[in-house]
Amino acid sequence: MNALGFSIEIAAISVLAGFLGALTGLGGGVVVVPVLCLLFKIDLHYAIGASLVSVIATSSGAAAMYVRDGLSNIRIGMFLEIATTLGALLGAYLVARVSTGAIGIVFGIVLLYSALASLHGSPAAPETPHPDSLAERLQFKGSYPVNGRQVDYAAERIPLGFGIMFLAGTLSGLLGIGSGAVKVLAMDQAMKLPFKVSTTTSNFMIGVTAAASAGVYLSRGYVLPGLAMPVMLGVLAGSLAGSRVLVHAQVRTLRWVFAVVILALGAEMIFSGVTGRL
Amino acid sequence: MAAGDQRLEMAMGRMLQIGVTIAAFVVLAGGVLSLVHAPHTLPDYQHFHGAPPTRMHVDSIMTAAFYRNGGAVIEFGILLLIATPICRVLFGLVGFALMRDRLYTAVSAVVFAILLFSFFSHR
């Protein structure tokens, strides 16, 4: 195959991955890496390198949405970025130390978890916030609009959330993904923040988290321009289109279909990892 | 949320949008350039080759020069892209400092330091 045909094919599949990632709320990286590895037989290191670049693009590209909504909390985001960037450094460091098969297995597990988490939808936010002294001191609180009126919220169990964020950063650096599902878990389940605040703040954090591992990726040669170019442009275009559709369409059935696809990709990644085919 | 926070958030969002738009166009330009000049040379992506080579390997010197050109433009675009969220942290640092919020100025500084460490520690 020549470079032109290859670039077009990769770009097309990346548009699809970005579209799917936006619709399910999982992000494009989690879809594009297994597709590159399993379908195109691309080396896992190059796949995660290209994916990480696309993750930064998607996170920054979606900025338009949270600026308009004003739902993300920049203080909570900035503070938790200490955990995610440190985790990302560890994750990027581990890529060179852990076998490709093991990375594939971890990737598969994250895919399985993400697929299941994407089906849960948005749980109801707690009505009255219970801020502890740490939340007061760190100003982990705010308000967001619900049906036209402002509702106050505050964080609980910040150390637990911080710990899960470190894990999210490690997975991001190890797998070249945004790991939005784990970031949302930390804020929405552990810290009891409203789901919408969690998802937008998570998106806000993804770019910075990925930038922390990008430095390591570049110096190790995981980012190849010829591959990163179609992946980045494709995923960015796909996810922008996907988030537009998401606003207008009822996607409950689509979510189920995609969740099944992602479950299958996860199982295949684990299988390939165990049998040493990656 | 305080009005200062909202303004800072807006400024950050705008900056991210502008950064990613410029980066995407630079990467696209580099892609077009490299594909126009070397549409038939497909590097081996199936095996990992380790750290980046200092020079590109392509058949003739002419195509090598052109290919390196396009690839270099893509790499420049990727660097712009990575710089965008780092600038966002810098925005936060300045913004919180202007709001005289010592805690969050320090928090932003720590995140910025970690990012700098990731770029300059592995050379």
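Residues numbered from 1 in each chain as written. Chains lettered and ligands numbered in written order. Predicted model: local features only at pLDDT ≥ 70, side-chain atom pairs only at ≥ 80, totals over all residues. Heavy atoms only, no water.

Undergrad: How do you make sense of the overall build of chain A when you look at a structure like this?
TA: In terms of helices and strands, chain A carries 12 helices and two strands. Each helix (α) and strand (β) of chain A, taken in turn from the N terminus, gives the series α-α-α-α-α-α-α-β-β-α-α-α-α-α. Residues counted as buried form 61% of the 278 residues belonging to chain A. Considering only contacts in chain A between residues 6 or more positions apart, those separated by 24 or more positions represent 80%. (Helix = DSSP H or I, 4+ residues; strand = E, 2+ residues; numbered from the N terminus. Buried < 20%, exposed > 50% of the residue type's maximum accessible area, 1.4 Å probe, protein only. Contact = heavy atoms within 4.5 Å.)

Undergrad: Which parts of the structure should I look at to understand the overall build of chain B?
TA: Broken down by element type, chain B carries three helices and zero strands. Taken from the N to the C terminus, the helices and strands of chain B come in the order α-α-α. Each of the 123 residues in chain B was classed as buried or not, and the buried ones make up 38%. The contacts in chain B between residues at least 6 apart in sequence include a share of 73% that link residues at least 24 apart. For chain B, the computed accessible surface area is about 6900 Å², with 70% contributed by carbon and sulfur atoms. (Areas by Shrake-Rupley, 256 points an atom, 1.4 Å probe, with all protein chains shown as cover.)

Undergrad: Help me understand the pairing of strand β1 (residues 141-146) of chain A in this model?
TA: Consecutive side chains of a regular strand alternate in pointing toward one face of the sheet and then the other. Residues and elements named next belong to chain A. Strand direction decides the pairing type here: β1 and strand β2 (residues 149-154), joined by six bridges, are antiparallel. Looking at the pairing, Pro145 lines up with Gln150 of β2. Hairpin connection of β1 to β2: two residues between the antiparallel strands, including Asn147 at a positive phi of 50°. (Pairing = 2+ DSSP bridges.)

Undergrad: Explanation requested: the nonpolar core in the structure shown.
TA: Generally speaking, a soluble globular protein has its nonpolar side chains buried in company with each other. Core analysis: the largest hydrophobic core is formed by 112 residues, its most contacted members being A:Ile42, A:Leu80, A:Phe140 and A:Leu227. When near neighbours in sequence (up to four residues on either side) are disregarded, A:Leu227 contacts A:Phe6, A:Ile10, A:Ile42, A:Tyr46, A:Ala47, A:Ala50 and B:Tyr45. (Core = buried A, V, L, I, M, F, W, Y, C linked by side-chain atoms within 4.5 Å.)

Undergrad: In this structure, what is going on with the interface of chain B and chain A? I would like to understand it.
TA: One widely used convention gives an interface's size as the accessible area the parts lose upon coming together. Listed as interface residues are 61 residues of chain B and, on the opposing side, 62 residues of chain A. Both faces considered, chain B and chain A share a buried interface measuring about 5100 Å² in area, 73% of it formed by carbon and sulfur atoms. Applying the counting criterion to the chain B and chain A interface returns two salt bridges. In this structure, B:Arg88 engages A:Glu81 in a salt bridge whose closest nitrogen and oxygen atoms are separated by 2.9 Å. The tally of links from chain B across to chain A stands at eight residue pairs in polar contact (both at pLDDT 80 or more). Only α1 (3-37), α2 (61-98) and α3 (102-120) of chain B provide two or more residues apiece to the side of chain B that touches chain A. A class-by-class count of the residues in the side of chain B that touches chain A yields 37 nonpolar, 16 polar and eight charged. (Buried area = accessible area lost by both parts, 1.4 Å probe. Salt bridge = Lys/Arg side-chain N within 4 Å of Asp/Glu carboxyl O. Polar contact = N/O pair within 3.5 Å; in protein donor to acceptor, adjacent residues only side chain to side chain. Nonpolar A, V, L, I, M, F, W, Y, C, P; charged D, E, K, R; others polar.)

Undergrad: In this structure, what is going on with the environment of B:Phe96? I would like to understand it.
TA: Considering the arrangement of structural elements, one finds B:Phe96 in helix α2. In this structure B:Phe96 comes out as buried when scored by relative accessible area, which is 0%. With 10 residues separating them in the primary sequence, B:Phe96 and B:Ala106 have C-alpha atoms 9.0 Å apart. Among residues more than four places away in sequence, those in contact with B:Phe96 are A:Ile74, A:Arg75, A:Met78, B:Leu8, B:Asp101, B:Tyr104, B:Thr105 and B:Ser108.

Undergrad: I keep staring at a nonpolar patch on the surface and nothing clicks. Help me out?
TA: All names here are of chain A. There is a patch of nonpolar side chains on the surface, built from Leu86, Leu90, Tyr93 and Phe166 and spanning about 330 Å² of accessible area. The greatest single-element share of the nonpolar patch, amounting to three residues, is contributed by helix α5 (residues 74-95). Looking at where Phe166 falls in the secondary structure, it is placed in helix α8 (residues 158-175). Relative accessible area serves as the criterion here: at 34%, Phe166 is assigned to the partly exposed category. (Patch = residues over 30% accessible without salt bridge, like charges linked within 9 Å, V, L, I, M, F, W, Y side chains within 5 Å.)

Function cannot be read off these values alone, since they describe shape.
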